[in-house]
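# Examination of the molecular architecture
Given next are the chains, with one letter for each unit.
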Amino acid sequence: LTGTLPSELGALTRLRDMGLNSNQLTGTLPPELGALTSLGRMYLDRNQLTGTLPSELGALTRLRDMGLNSNQLTGTLPPELGALTS
């Protein structure tokens, strides 16, 4: 897959697993991903994503596993991610 992650992904509120690793995704992570409150696993590693992690990801209280390695992300982890307990 190529291109950016559409903000409309945030409307998939019942999505439990997102596996989009090893593609050619570019651009930033849309803050709307924070609306995916059922998401347990998110794998976006090995793409070409840029920018910082949106603080809205701290709302993913069911998130158990997240892969973001091998991208071009910058900045620090948002403090909201530190509040996740699972």
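Whatever comes next refers back to the structure up there.
Described in the following lines is the structure provided in the data block.

Conventions we followed
- Residues numbered from 1 in each chain as written.
- Predicted model: local features only at pLDDT ≥ 70, side-chain atom pairs only at ≥ 80, totals over all residues.
- Heavy atoms only, no water.
- Pairing = 2+ DSSP bridges.
- Helix = DSSP H or I, 4+ residues; strand = E, 2+ residues; numbered from the N terminus.
- Axes fitted to C-alpha atoms, helices over the stretch in contact; angles between N-to-C directions.
- Core = buried A, V, L, I, M, F, W, Y, C linked by side-chain atoms within 4.5 Å.
- Buried < 20%, exposed > 50% of the residue type's maximum accessible area, 1.4 Å probe, protein only.
- Contact = heavy atoms within 4.5 Å.

### Observations concerning the sheet that holds strand β4 (residues 41-43)
- Strand order in the open sheet formed by 3 strands is β2-β4-β6, with parallel pairing between adjacent strands. Either end of the sheet is taken by a strand with one partner, and the two such strands are β2 (17-19) and β6 (65-67). For this sheet the average axis-to-axis angle between neighbouring strands, irrespective of direction, equals 10 degrees.
- Of the strand pairs in this sheet, β2 and β4 are connected by 3 bridges, and their pairing is parallel. Bridging from a neighbouring strand, D17 pairs with R41 of β4.

### What about the pairing of strand β5 (residues 48-51)?
- As defined by bridge partners, strand β3 (residues 24-27) adjoins β5 across 2 bridges and the pair is classed as parallel. When the bridges of β5 are listed, T26 appears paired with Q48.
- Bridge analysis of β5 against strand β7 (residues 72-73) gives 2 bridges, and the strand direction is parallel. Bridged to G51 within β7 is L73.

### Some thoughts on the nonpolar core
- Residues L5, M18, L29, L33, M42, L44 and L57 are the most contacted members of the largest nonpolar core, which totals 18 residues.
- Beyond its immediate chain neighbours, meaning those up to four positions away, L57 contacts L29, L33, G34, M42, L81 and L84.

### Focus: the environment of A83
- Take A83: it is sitting in the segment after α1 (79-82).
- A83 gets classed as exposed once you look at its relative accessible area, which sits at 58%.
- Each C-alpha atom, one on A83 and one on G67, is 18 Å from the other, the two residues being 16 residues apart in sequence.

### Re the pairing of β3
- Pairing analysis gives 3 bridges linking strand β1 (residues 2-4) to β3, with the strands arranged parallel. Within β3, the position partnered with T2 by the bridge is Q24.

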